[in-house]
Each structure stands twice: as structure tokens, then as C-alpha cells.
Amino acid sequence: MALIVHKYGGTSMGSTERIRSVAQRVAKWVRAGHQLVVVPSAMSGETNRLLGLAKELLPQASTPEAMRELDAVAATGEQVSVGLLALALQAQGLQAVSYGGWQVPIATDASYTKARIRSIDDTRIRADLDAGKVVVITGFQGIDEHGNVTTLGRGGSDTSAVAVAAALKASECLIYTDVDGVYTTDPRIVPEARRLPAISFEEMLEMASLGSKVLQIRSVEFAGKYRVPTRVLSSFTPWDIPLEQEARSGTLITFEEDEKMEQAVVAGIAFNRDEAKISVIGVPDKPGIAAMILGPVADANIDVDVIIQNLSHDGRTDFSFTVHRNDYQRALDVLRTQVLPATGATELQGDARICKVSIVGIGMKSHAGVAARMFRTLSEEAINIQMITTSEIKTSVVIDEKYMELAVRALHRAFDLDHAGEAAPGAAA
Ligand code: ADP
Ligand code: ASP
Ligand code: MG
């Protein structure tokens, strides 16, 4: 008997029929003798719908008071899911009980819309498991120290599930989704993408942080910090396939470099359309200028990603960086009102139609010339690189958004990631 956490995403919970199939799958695991905690997301499209309603009533919900209410609204999607799933499990003849994050409780900090989990009280869950119940816990939501409902950021149910698994020291966290694992790149963009039977924790962390939305980055961080065996697999296989087969399917996140596994130089390609580029033109080139530009941006709580500073001409230089698109207008305002007057820079330029494309692989540590191959591939497609950033296991470039798919496909081919002739199963879900 093992204690296992299952997580089901929005598409997997998308209709009462799908929820019934989830319940049948969970029942299969329980009948095999396991203790099950299940963490579902809101039904697909529901979180968008709820946030859309909120936006109709208050388009710019940026004050703490407004963001508190956004979370109160968004968290209801998962509230519905847990109740429905518990009912479906009861219909399978199982004992099942549902909890909201606030009932467990899953304690978070108070940063509404992107709260971080601080602790999870396992008392109630353990008592229910010991009493033979399946415990169904909301993904995505928690509660701060003042009793306010919080949410963990989009895609946050992954994090809830891995954190619950860590708190319970579960033997495995299974993330059921609408693809049958982690692919070399998003199979919706590149049909030739290949499923990876295993991916190292470091690579998964980079893929998630660089835009692969198959797992929320925070969930990967939790998996690494608490060494939670985590697997991504499909909820779209028939629920009654043999359990042993299901348990080995998908993609396992591994923590040790497996020497037997021939390490591909590049494991995967990630892309991200969520950023915008800002250039401050004609800045006097003198010590402290980066701090003068980015200090007020940081004070406005805006994260900066890629940064480049050009060579100076006649004592002046251009300074460019990227921010999340949600922060783009606010960043421009800060620069216009505070930075231009203080630095004497001549002009601001902004471009929200960019994307960041990244190659990721621990094999890059020991292979020279990988970045050069990336740049050559893009140049052969006549794609202009606007910015570059590298680390030991990734190289990212910022390019015009309209070339994103072309770039991802060309790089996928150039790094031998294409799977000849075999389309990605489940990619059209
Ligand atoms: P869920 O609702 O189950 O949480 P998500 O939509 O959040 O599902 O994540 C699954 C989706 O992630 C897939 O449908 C796929 O389009 C996308 N995706 C992006 N990058 C990858 C990748 N490298 N491998 C697999 N799926 C990916
Ligand atoms: N329902 C939330 C969202 O849509 C959380 C999740 O699906 O993981 O972002
Ligand atoms: Mg998700």
C-alpha cells in the first residue's frame, strides 16, 4: 500500500463525463490497495470565465483590496471541482471527502493572485486517509494568516499537488493532464515533438521557467526541494488500462543524472510570448546608470528578465530589457515619469510583439558550440535576434513574435529532436 497524490487539470475535469472517468481511475488505484489524495483544477475555461466576469466589473483590479476579491472569485472554480469529484467518487462506492485549501488548511503568504505556500497541516488529511477515505483537495487555493482566500498563480494546481505530496511524504505525485507527458517542445506547435520518458529536474525547472506551461514552475521547485517523485501522464487513456502500465507511463522527473541514459545535448525547446521589450535610448554612459533605470522599475514591483546594454557612442548608450506584458504599460509609465527626467535619456521605445525562444539541456554544459548552432539556425531562416541570454544549461533569444513558430520548428529540427513521422498523441486534445 502506498500513499499517492493524483492531480487532474482543467481539461481532465472538463465535463461531468470526464469527472466520472477521473473517479473511475481513482477507484482503480484505491481498489489496488493505495491511499489516494486527489487535487483537481477548475473545469477547463472556468478560471478564465470567472476572471472575465471580474474584469467586466473592475477592469484594473490592481489594488490589494481588489486583488483580494479576484482571488475570492477565482478560487470558486476549484471549489466546485472538489465537490463534484467527491460526489463522483461516492457514486463509485468509495468514501470520499472534499476540502477547500482554507479547510486543510494550506497556509500561504498574502500576495494575492500569486501567493506562495508556507505550510500544509496534514492532520485532517491523515485522519481521513486512516478512516479509509479518498481526500479531494482544491488545487490553486490557500489561505493567508488573516483568513483571506488566496490563489497561487495561473497553473497553480500543479504546485498544490506537489506541495501536498511533499507534506504527506507521498510515494509519488502523478500529474494527469491532456498530453501524455513532457515533450521536447509544446506538441501543439511542433507535431513532430517527442515525449521524453524522463527529464532531469534541472531541465524541467528551466523548461517551466522559460515558458513550457505543462508544469507550473513552483511545482517543479517543490518537487526538487522535497524530492517528490513526480510524473506527468495522460488522463485521456482509457481509465481501465492496467495500473502497472499506467504507473510507468508519461514522463518521470529524475533527480540523479542517469549515466546509462545517452544525454541529448538539447533536451527541449521552450518559448514564451508573455514578455515585452523596452529600450531607453540615449542614456549618458556613466557608472550607476543601470541602477538608475532599473531601481524605480524594481520599486514598482516589476520583474525584469533579459537585459542588454549597447556600446556607447559619444558618451551615450541604449539600454534594453524585457518585462512581463502585464507590467508593460506600468513600466513605461515609471520610466517616462521618473527615469527619463532623472537620467536625461532622450527617448523610450517599447515593443510588446516579441517572444523568447530557449534551448534547454544539461548536455550543453559539456558541449561547445551549441549556442552558435542556435544562432546559425535562426540566421538561415532570416530571423533577427534582438537579445541573447545564456546560462550553463540554456540559451534564450528574443525575436519578433511573428517568427516564433518558425524558430521553434527550425531549432527542433536542427537539434535532432524531431520524431520522424510520428505525431504527438493527445496533442489535439
Ligand atoms: P492542465 O490543465 O492539465 O494543467 P495545461 O494546459 O496547464 O494542462 O498543460 C498541458 C499543456 O501544456 C499541453 O496541452 C501542451 O499544449 C502544453 N505544453 C507546453 N509545453 C509542453 C511540453 N514541452 N510538453 C508537453 N506539453 C507542453
Ligand atoms: N484553475 C487554475 C488556472 O486555470 C489553476 C490550474 O488550472 O492549475 O490557472
Ligand atoms: Mg496546468
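Residues numbered from 1 in each chain as written. Chains lettered and ligands numbered in written order. Predicted model: local features only at pLDDT ≥ 70, side-chain atom pairs only at ≥ 80, totals over all residues. Heavy atoms only, no water.

Caption draft 1: Quick peek at the overall build of the chain. Along the backbone of the chain there are 13 helices and 20 strands. For 429 residues, the compact-globule estimate of 2.2 N^0.38 gives 22 Å, and the chain sits close to it at 23 Å. Considered along the principal axes of its C-alpha atoms, the chain spans approximately 80 × 50 × 35 Å. The long-range fraction of contacts in the chain, counting pairs at least 24 apart against all pairs at least 6 apart in sequence, stands at 76%. If you sum the accessible surface of the chain, you get close to 19500 Å²; carbon and sulfur atoms cover 51% of it. Of the side-chain charges in the chain, 43 are positive and 53 negative, and the distance between the mean point of each set is 2 Å. (Helix = DSSP H or I, 4+ residues; strand = E, 2+ residues; numbered from the N terminus. Rg over C-alpha atoms; globule rule 2.2 N^0.38 Å. Contact = heavy atoms within 4.5 Å. Areas by Shrake-Rupley, 256 points an atom, 1.4 Å probe, with all protein chains shown as cover. Lys, Arg positive; Asp, Glu negative; His and termini not counted. Charge placed at Lys NZ, Arg CZ, Asp CG, Glu CD.)

Caption draft 2: Structural context of the site of ligand 1. Taken together, the neighbourhood of ligand 1 is formed by 17 residues, with Thr-177, Asp-178, Tyr-183, Asp-186 and Arg-188 sitting nearest. Interatomic distance of 3.0 Å between a side-chain N/O atom of Lys-7 and an oxygen atom of ligand 1. With respect to ligand 1, the backbone of Gly-10 contributes an N or O atom lying 3.1 Å from an oxygen atom. Here ligand 1 has 570 Å² of accessible area as a free molecule, and 84% of this is covered by the chains. Looking at the shell around ligand 1 residue by residue, the class counts come to six nonpolar, six polar and five charged. (Near = heavy atom within 4 Å. Polar contact = N/O pair within 3.5 Å; in protein donor to acceptor, adjacent residues only side chain to side chain. Nonpolar A, V, L, I, M, F, W, Y, C, P; charged D, E, K, R; others polar.)

Caption draft 3: Looking closely at the sheet that holds strand E13 (residues 268-272). Reading across the sheet, the four strands line up as E13-E18-E20-E19 and stay open at both edges, with antiparallel pairing between neighbours. The two strands at the open ends of the sheet, each matched to only one other strand, are E13 and strand E19 (387-391). Strand-to-strand twist in this sheet, taken as the mean axis angle between neighbours without regard to direction, amounts to 20°. Bridge count for strand E18 (residues 354-360) against strand E20 (residues 394-400) is seven bridges, and the pairing is antiparallel. Note on E20: the bridge partner recorded for Ile-354 is Asp-400. Across the sheet, helix H12 (residues 370-380) is in contact with E18, E19 and E20; its angle to E20 comes to roughly 20°. Packing of helix H13 (residues 404-414) onto the sheet brings it into contact with E13, E18 and E20, and relative to E18 it is tilted by some 10°. (Pairing = 2+ DSSP bridges. Axes fitted to C-alpha atoms, helices over the stretch in contact; angles between N-to-C directions.)

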